[in-house]
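Listed here are the chains, written in short residue letters.
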Amino acid sequence: LPHRNRPPRPPRLPENGAARRDAHRCRAGTTVLGALADPAVVERYQSKIITVPGNSCRWWSGSISGRGHGRFWVGAGRVVIAHRFAFALEYGLDALAHAQVLGHRCDNPLCQRIDPQHVVVSSAGENRREWAIRRALAGSPVGDPRGSRERAQVMRDLLRRDPQLVADELLRLRIRHGEQLALW
């Protein structure tokens, strides 16, 4: 039963399957396609992205999902995973509809940079295999004992205070846990 004082959760954009094709339509009349074409929505999305000194990721400073990914409200009652919105901005809604999974090669679920070293089209199996390999590497963010959501919340909160605090935390973690080696 929902808590009396909490509003109902907005629906999520499906990550895969036939339902994803219907996800372009929203209850309140706002569509993802409409959001992509609305300069005010795009500007609001971009205002939540912050760069961190010495890091090539584009960090999300907004709301976070249960898995540590950014959440972005495109309109009344409609939320999407932020890096999926970034992908649609870069390649279009049709390309997003065909992207089963978007994997974070940088292992930063808050990253919004769409390029081969950061967020790429993947599959559930490939994404899981890469995660399992990198989780065992010294210094890998996916091996963080806090888990992806808590780590993302800590980093996002530091980011909101001062991006340099994130850079300092990343350095502290590298010193403590070692440097992650590139796989590709």
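The structure this text deals with has already been given above.
Residues numbered from 1 in each chain as written. Predicted model: local features only at pLDDT ≥ 70, side-chain atom pairs only at ≥ 80, totals over all residues. Heavy atoms only, no water.

**Here's the deal with the overall build of the chain**
As a reminder, the rule being used: Secondary structure counts use DSSP, requiring at least four H or I residues in a row for a helix and at least two E residues in a row for a strand, with both numbered from the N terminus. Here's how the labels work: a residue is buried when its accessible area is under 20% of the maximum for its type, exposed when over 50%, partly exposed in between, all with a 1.4 Å probe on protein chains only. By definition in these notes, contact holds between two residues if any of their heavy atoms fall within 4.5 Å. For the area figures, the Shrake-Rupley method with a 1.4 Å probe applies, and any residue is considered shielded solely by the protein chains shown.
A count of helices and strands for the chain gives eight helices and six strands. When its helices and strands are written in sequence order, the chain yields α-α-α-β-β-β-β-α-α-β-β-α-α-α. A total of 184 residues make up the chain; the buried ones form 40% of that total. Across the chain, every contact between residues at least 6 apart in sequence was considered, and the portion connecting residues at least 24 apart equals 58%. In the form shown here, the chain has an accessible surface area of approximately 10500 Å², with 52% of it arising from carbon and sulfur atoms.

**Thoughts on the nonpolar core**
For soluble globular proteins, nonpolar side chains are generally found buried alongside one another. Applicable threshold: Nine residue types can take part in a nonpolar core, namely buried Ala, Val, Leu, Ile, Met, Phe, Trp, Tyr and Cys, and a core is a set of them joined through side-chain atoms within 4.5 Å.
Counting 36 residues, the largest nonpolar core has Y45, W59, F72, F85, M155 and V166 as the members making the most contacts within it. Elements with a minimum of two residues in this core: α2 (32-37), α3 (39-46), β2 (58-60), β3 (71-75), α4 (82-91), α5 (93-97), α7 (147-161) and α8 (163-177). Ranked by residue count, the leading element in this core is α4, at five residues. Leaving out residues up to four positions away in the same chain, F72 has contacts with V41, R44, Y45, K48, W60, R78, V79, V80, A82 and F85.

**Some thoughts on the packing of α3 against α4**
Rules: An axis is simply a line fitted to the C-alpha atoms; with a helix, the fit covers only the stretch in contact. Between two such axes, the angle follows the N-to-C directions and lies from 0 to 180 degrees. Here is the rule for angles: anything less than 35 degrees is roughly parallel, anything more than 145 is roughly antiparallel, 65 through 115 is roughly perpendicular, and the remaining ranges are oblique. By convention the crossing between two helices is left-handed if the near helix lies anticlockwise of the far one by an angle smaller than a right angle, and right-handed if it lies clockwise. Each residue gets one label: Ala, Val, Leu, Ile, Met, Phe, Trp, Tyr, Cys and Pro are nonpolar, Asp, Glu, Lys and Arg are charged, and the others, such as Gly, are polar.
In the contact formed by α3 and α4, the axes pass within 11 Å of each other and the chain directions differ by 125°. On the basis of the axis angle, α3 is oblique to α4. For the element pair α3 and α4, the recorded crossing hand is left-handed. Here α3 contributes V41, V42 and Y45 to the contact with α4, which in turn contributes A82, F85, A86 and L89. Of the residues belonging to the contact of α3 with α4, the class tally is seven nonpolar, no polar and no charged.

**Things to note about the pattern of salt bridges**
Spelled out, the test is: Salt bridges are defined by distance alone: a side-chain nitrogen of Lys or Arg within 4 Å of a carboxyl oxygen of Asp or Glu.
Enumeration over the complete set of coordinates arrives at five salt bridges. A salt bridge links E130 to R105; the shortest N-O distance between them is 3.3 Å. With a gap of 25 residues between them, E130 in helix α6 (residues 124-135) and R105 in the loop between β5 (101-104) and β6 (119-122) connect regions that are remote in the sequence. Note that R156 is salt-bridged to D157, the shortest N-O span being 2.9 Å. Taken together, the shared-partner salt bridges connect R105, E126 and E130 into one network.

Shape descriptors only; they carry no functional weight alone.
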